[in-house]
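# Report on the structure
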Amino acid sequence: MTPPTAPNVPLQQAVRALGVPLRTVELEQFVAAFGTHTLPARAAVFAVGEAAPYLYYLEQGLAKHVLHLPSGEEQITCFFQEGMFVADVGAYQQQAPCSGSLIALEPLVVRRLGRDAFVGATDAQPTWTALLAEILARGLQEVERNTHNRIRFSATEYYHYLAQHRGDLLQRVALKELAAYLGIAPQSLSRIRAGKG
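Predicted, not measured: the structure shown is a model, and the values here were computed from it.

## Here we look at the overall build of the protein chain
Broken down by element type, the protein chain carries nine helices and eight strands. Its C-alpha atoms give the protein chain a radius of gyration of 18 Å, near enough to 16 Å, the size a compact globule of 197 residues would have. Looking at the protein chain as a whole, 41% of its 197 residues are labelled buried. Here the analysis covers contacts within the protein chain between residues at least 6 apart in sequence; of these, 69% occur between residues at least 24 apart. Put simply, the protein chain shows about 10200 Å² of open surface, and 54% of that area lies on carbon and sulfur atoms. When the 17 positive and 17 negative side-chain charges of the protein chain are each reduced to one mean point, those points stand 7 Å apart.

## Describing the pattern of salt bridges
One pass over the full model with this rule turns up seven salt bridges. Between R111 and E59 there is a salt bridge, with its nearest N and O atoms 3.4 Å apart. Here R111 is found in strand β8 (residues 108-114), whereas its partner E59 is found in strand β3 (residues 54-60), with 52 residues between them in sequence. Comparing R111 with E59, the two get one shared label, buried. Here E177 makes a salt bridge to K64, at a shortest N to O gap of 3.0 Å. Here E177, found in helix α8 (residues 175-182), pairs with K64, found in strand β4 (residues 62-68); they are 113 residues apart in sequence, far enough to count as distant. A single burial state applies to E177 and to K64, both of which are buried. Here the salt bridges do not stand alone but share partners, grouping E82, E106 and R172 into one network.

## Side note on the pairing of β8
Here β8 lies mainly inside the structure; six of its seven residues are buried. By the bridge criterion, five bridges tie strand β1 (residues 35-39) to β8 in an arrangement that is antiparallel. Residue pairing for β8: T38 is matched across the bridge by V109. Note: β3 against β8, six bridges, orientation antiparallel. When the bridges of β8 are listed, Y54 appears paired with G114.

## Side note on the sheet that holds β8
Strands sit in the order β1-β8-β3-β6 across an open sheet of four strands; the sheet is antiparallel. At either margin of the open sheet sits one strand with a lone partner, and together these are β1 and β6 (85-86).

## Considering the packing of aromatic side chains
Within the structure shown, the criterion is met by twelve aromatic pairs. Each ring, one from F153 and one from Y158, has its centre 6.2 Å from the other, and the planes form 20°; the classification is stacked. The exposure class assigned to Y158 is buried, which follows from its relative accessible area of 5%. Cluster of aromatic residues (ring-pair linked, three or more members): F30, F34, Y92, F118 and W128. The residue whose ring lies beneath R112 is Y54, and the NZ or CZ to ring-centre distance is 3.8 Å.

## With respect to the nonpolar core
Burial of nonpolar side chains together is a common tendency in soluble globular proteins. Core analysis: the biggest nonpolar cluster contains 21 residues, and V15, F30 and F85 have the highest contact counts within it. Among the secondary structure elements, those contributing two or more residues to this core are α1 (9-17), α2 (24-32), β3, α4 (115-121) and α5 (127-152). With four residues, α5 is the largest single contributor of residues to this core. Discounting residues that sit within four places of it in the chain, V15 has contacts with L22, L27, F30, F85 and L131. The next biggest cluster of nonpolar side chains, apart from the first, holds 18 residues, and it includes L39, L58, A104 and L108.

## Some words on the side chain of S101
Topologically, S101 is positioned in strand β7 (residues 101-104). From its side chain, S101 meets the backbone nitrogen of V48 in a polar contact 3.0 Å long. A distance of 2.7 Å separates polar atoms of two side chains, one belonging to S101 and the other to H68. When neighbours within four sequence positions are excluded, S101 is seen to be in contact with F46, A47, V48, K64, H65, V66 and H68.

Scoring rules and cut-offs
- Residues numbered from 1 in each chain as written.
- Predicted model: local features only at pLDDT ≥ 70, side-chain atom pairs only at ≥ 80, totals over all residues.
- Heavy atoms only, no water.
- Helix = DSSP H or I, 4+ residues; strand = E, 2+ residues; numbered from the N terminus.
- Rg over C-alpha atoms; globule rule 2.2 N^0.38 Å.
- Buried < 20%, exposed > 50% of the residue type's maximum accessible area, 1.4 Å probe, protein only.
- Contact = heavy atoms within 4.5 Å.
- Areas by Shrake-Rupley, 256 points an atom, 1.4 Å probe, with all protein chains shown as cover.
- Lys, Arg positive; Asp, Glu negative; His and termini not counted.
- Charge placed at Lys NZ, Arg CZ, Asp CG, Glu CD.
- Salt bridge = Lys/Arg side-chain N within 4 Å of Asp/Glu carboxyl O.
- Pairing = 2+ DSSP bridges.
- Phe/Tyr/Trp six-rings, centres within 6.5 Å; stacked < 30°, edge-to-face > 60°.
- Lys NZ or Arg CZ within 6 Å of the ring centre and 35° of its normal.
- Core = buried A, V, L, I, M, F, W, Y, C linked by side-chain atoms within 4.5 Å.
- Polar contact = N/O pair within 3.5 Å; in protein donor to acceptor, adjacent residues only side chain to side chain.

Here's what the structure looks like:
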């Protein structure tokens with residue numbers, strides 16, 4: 001990762017959108033605590049087994065979250081794009097090793113806030129605790145929605161659901177990655193895209 005740079009507006013907008021009441025100075029201090037890092041495509045933001053006690057905000061780019069199965073295979077659990085917060089909750093909250101990996105599919109600009117910096121500031125900034133709680137709650141809701149949809153929909157139905165709700169994502173994710181996410185072969189996904197699946 002590269003050295004930190006100055007904070008910018010997209011993170012401020014994302015924090016405001018959480019709906020936690022903040023004074024301007026509190027918002028500015030929260031955003032200023034995040035370092036900025038750039039990574040090339042295929043780089044790991046965090047990897048399974050590593051320590052990653054950070055809250056991340058994707059400012060630019062696209063990444064996939066991957067679980068590594070005992071068989072040696074990878075399972076893509078979800079995609080993250082700009083405007084989204086992400087953390088390995090066990091690594092962040094309990095300082096445990098990461099249970100999965102976050103891999104850049106495009107060059108990334110990532111903002112990150114370390115757990116130690118967060119904990120050290122919460123006495124002076126009690127609203128930070130409310131911010132973290134809201135970020136984690138929304139993340140959990142997204143994971144639950146994603147898991148529910150993957151269980152209740154067939155691959156064809158889920159592809160059409162994604163096309164309706166996250167169409168921009170389908171344009172950015174490679175066929176092979178999207179097929180792996182849906183649990184089907186790339187040829188099957190090609191048939192679905194062509195309306196033959």
